[in-house]
Amino acid sequence: MRVNGLHFKNYRNLIDGSLEPSEKMNVIYGNNAQGKTNILEALWLFCGGHSFRGSKENEFIKFGEKFARLKADFYSQGRSQQAELLYNGGKKEVTINGVKKHTSASLIGKYTAVIFSPEDLTLVKRGPSARRRFIDSAICREKFQNAVIISKYNQTLNQRNALLKDIFHHPELKDMLEIWDENLCYLGAQIIFQRLMYIKKLSEYAGDYHFGISDNKEKLGLIYSSTCRAEYGDSKETILKKLKEAMKDSIDDDCRSGFTNVGPHREDFDIIINGRKAKIFASQGQQRSAVLSLKLAEAKLLSDLTEENPIILLDDVMSELDKKRQDFLLNKISDYQVFITCCDFEENSLLREGKKFLIEEGRIS
């Protein structure tokens, strides 16, 4: 797919206008706090999810204004399409090809993107929640149904946890846990199943990329760490059975802690380099190579699924990489439409074929 035009009104600090990008490389440069990342965020929002910065929707609206509007003209699924996002006083309106939709998740499968940010480069060392967000964001962009299941799971989990806190003071409520456990296990098993399938494919592609960036010296793999001992190759039914047993065994611990200790919300995956856990043994360079490999693999999997290349968003990530890793990354994404933000524009190193855009105080030129 490719973006042919991005239009914005009252969006963050951006001066109302539009961006008409190249089909290849697009470099958005300027000093800090001028609005570069706002452009990438606007492009990302059409994936159907939330801001990659964790921002709330009311933060998209320019100070003093009542609404913000984004519109994207893009080519996908063999035809030109258009999507519009309107943020209006806590409400969001989504229109795709002139038809109003209930949620921007309706864009999943139509509009695809992969984001690289400096924060991603710390994925190896960060806590399990960051890796869970990474994998869940990926499977949600693969299938709309995955986003629905994860949302329902989190709602059910919150309700069960609220009951567990009440049980701490009122033990007679313990029998009510069965009301939530059946549905929680059913939803949780589906999430774990999708994660395992995705991580298995991701590990294969990421391993190939990492082998190349390490000059054929390092082997990378991913191992999913499950609270119910789910394994690659397990069916949904097998995972459901394992999850029910694990949750039953943990009921006493749950009641004491007031928290559900078993399920996908407590799981993680390990990045393994040459047989050792990267978060413990890998150097900073190895960690960054591993994350680049994961992100490139994520893009390749989206490409396989949709039979179209997603757009690539690089948010000030090139300055965090040495020359070798920069060259490797740029070579691997040469067939994608790419948007890069940076402070200092270096034509020879970044712009091989495409356009450059200077942004100053929210104005693009």
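Below, the structure is looked at part by part. Remember, predicted model here, so these are calculated numbers, not experimental data.

1. Comments concerning the overall build of the protein chain
Here is step 1: From N to C terminus, the protein chain includes 10 helices and 15 strands.
Here is step 2: Its C-alpha atoms give the protein chain a radius of gyration of 22 Å, within 12% of the compact-globule value 21 Å for 365 residues.
Here is step 3: On the principal axes, the C-alpha backbone points of the protein chain span a range of 65 × 55 × 35 Å.
Here is step 4: Looking at the protein chain residue by residue over its 365 residues, the buried ones come to 52%.
Here is step 5: When contacts within the protein chain are restricted to residue pairs at least 6 apart in sequence, long-range pairs at least 24 apart make up 71% of them.
Here is step 6: Accessible surface, the protein chain as shown: approximately 17500 Å² in total, 47% of it carbon and sulfur.
Here is step 7: Positive and negative charge centroids in the protein chain, built from 55 and 51 side chains respectively, lie 1 Å apart.

2. Looking at the packing of aromatic side chains
Here is step 1: Scanning the model with the defined rule gives six aromatic pairs in all.
Here is step 2: Taking 5.7 Å as the distance between ring centres and 45° as the angle between the ring planes, the aromatic pair formed by phenylalanine 46 and tyrosine 111 counts as tilted. Here the residue phenylalanine 46 occupies a position in the loop between helix 1 (36–45) and strand 4 (67–76), and tyrosine 111 occupies one in the loop between strand 7 (99–101) and strand 8 (113–116), the gap between them amounting to 65 residues.
Here is step 3: Taking relative accessible area as the criterion, phenylalanine 46 reaches 0% and is therefore assigned buried.
Here is step 4: Considering the side-chain rings of phenylalanine 60 and tyrosine 87, the 4.9 Å spacing of their centres and the 75° angle between planes classify their relative orientation as edge-to-face. Here the residue phenylalanine 60 occupies a position in the loop between helix 1 and strand 4, and tyrosine 87 occupies one in strand 5 (residues 79–88), the gap between them amounting to 27 residues.

3. Some details on the nonpolar core
Here is step 1: Of all hydrophobic cores here, the largest spans 70 residues; its most connected members are Phe116, Leu202, Ile271, Ile312, Leu314, Leu329 and Ile333.
Here is step 2: Broken down by element, this core gets its largest block of residues, 14 residues, from helix 4 (residues 177–213).
Here is step 3: Setting aside anything within four residues of it in sequence, one finds isoleucine 333 in contact with Leu296, Ile312, Leu314 and Val338.
Here is step 4: Membership of the second largest hydrophobic core comes to 37 residues, among which are Leu43, Phe46, Phe52 and Ile115.

4. Looking at the packing of helix 2 (residues 128–142) against helix 8 (residues 284–306)
Here is step 1: It is the contact of helix 2 with helix 8, at a shortest axis distance of 10 Å, that shows an interaxial angle of 15°. Relative to helix 8, helix 2 is oriented roughly parallel. Judged by the twist between their axes, the crossing of helix 2 over helix 8 is right-handed. When helix 2 is examined against helix 8, the residues Phe134, Ala138, Arg141 and Glu142 are found in contact with a partner set consisting of Leu294, Lys295, Glu298, Leu301, Leu302 and Leu305.
Here is step 2: Taken together, the residues of the contact of helix 2 with helix 8 sort by class into six nonpolar, no polar and four charged.

5. Digging into helix 3 (residues 144–169)
Here is step 1: Taking 1.5 Å per residue as the helical rise, helix 3 with its 26 residues ought to reach 38 Å, and the 39 Å between its terminal C-alpha atoms agrees with that figure.
Here is step 2: Looking at the packing, one finds that the buried side of helix 3 touches helix 2, helix 4, helix 5 (236–249) and helix 6 (251–257).

6. Points about the sheet that holds strand 6 (residues 91–96)
Here is step 1: An order of 2-1-4-5-6-7 is seen for the six strands of this open sheet, with the pairing classed as antiparallel. Each of the sheet's edge strands pairs with one partner strand only, and the pair in question is strand 2 (17–19) and strand 7. For this sheet, the mean inter-axis angle between neighbouring strands, taken without regard to orientation, is 20°.
Here is step 2: Bridge count between strand 1 (residues 2–9) and strand 2: three bridges; the pairing is antiparallel. The residue of strand 2 that forms the bridge with phenylalanine 8 is glycine 17.
Here is step 3: The strands touched by helix 1 within the sheet are strand 1, strand 2, strand 4 and strand 5, with strand 1 carrying the most contacts at an inclination of about 115°.

7. Comments concerning the sheet that holds strand 3 (residues 25–29)
Pairing between sheet strands relies on hydrogen bonds along the backbone, with the strands arranged either parallel or antiparallel.
Here is step 1: The strand order across the open sheet formed by six strands is 8-12-13-3-14-15, and the pairing between neighbours is mixed. What marks the edges here is a single partner per strand, and that holds for strand 8 and strand 15 (363–364).
Here is step 2: Pairing between strand 8 and strand 12 (residues 311–315): four bridges, direction parallel. Bridge pairing in strand 12 places valine 114 opposite isoleucine 312.
Here is step 3: Together, strand 3, strand 8, strand 12, strand 13 (338–342), strand 14 (354–360) and strand 15 form the strand contacts of helix 1, whose direction differs from that of strand 12 by roughly 150°.

Rules used throughout
By convention here, each chain's residues receive numbers from 1 onward along its written sequence. Where local features are concerned, this predicted model is filtered to residues with pLDDT of at least 70; where side-chain atom pairs are given and counted, the filter is 80 or more; whole-chain, interface and lining totals use all residues. Side-chain measures were taken over the full set of non-hydrogen atoms in the model, leaving aside hydrogen atoms and water. We count a stretch as a helix when DSSP gives it H or I for four or more residues in a row; a strand needs E for two or more, and each element gets its number in order from the N terminus. In this setup the radius of gyration rests on C-alpha atoms only. A globule is expected at 2.2 Å times the number of residues raised to 0.38. Relative accessibility thresholds used throughout: buried, under 20% of the residue-type maximum; exposed, over 50%; partly exposed, between the two (1.4 Å probe, protein chains only). Note on contacts: a residue pair qualifies if any of its non-hydrogen atoms lie within 4.5 Å across the two residues. Computed with the Shrake-Rupley method and a 1.4 Å probe, the accessible areas treat only the protein chains shown as cover for residues. Under the convention used here, Asp and Glu are negative, Lys and Arg are positive, and both His and the chain ends fall outside the count. Here the site of a charge means atom NZ of a Lys, CZ of an Arg, CG of an Asp or CD of a Glu. For Phe, Tyr and Trp, rings pair up if their centres lie within 6.5 Å, where Trp contributes its six-membered ring, and each pair is then called stacked (planes under 30 degrees apart), edge-to-face (over 60) or tilted (otherwise). Put simply, a nonpolar core is a bunch of buried Ala, Val, Leu, Ile, Met, Phe, Trp, Tyr and Cys residues held in one set by side-chain atoms that sit within 4.5 Å of each other. Working convention: axes come from line fits to C-alpha atoms, limited for helices to the stretch in contact. Angles between N-to-C directions cover 0 to 180 degrees. Orientation is classified from the angle alone, with under 35 degrees giving roughly parallel, over 145 giving roughly antiparallel, 65 to 115 giving roughly perpendicular, and any other angle giving oblique. Left-handed describes a crossing whose near helix is turned anticlockwise from the far helix through less than a right angle; right-handed describes the clockwise counterpart. Ten residues, namely Ala, Val, Leu, Ile, Met, Phe, Trp, Tyr, Cys and Pro, are considered nonpolar, four, namely Asp, Glu, Lys and Arg, are considered charged, and the remaining ones, Gly among them, are considered polar. Multiplying one less than the number of residues by 1.5 Å gives the expected span of a helix. The pairing criterion for strands is at least two bridges between them, as found by DSSP.

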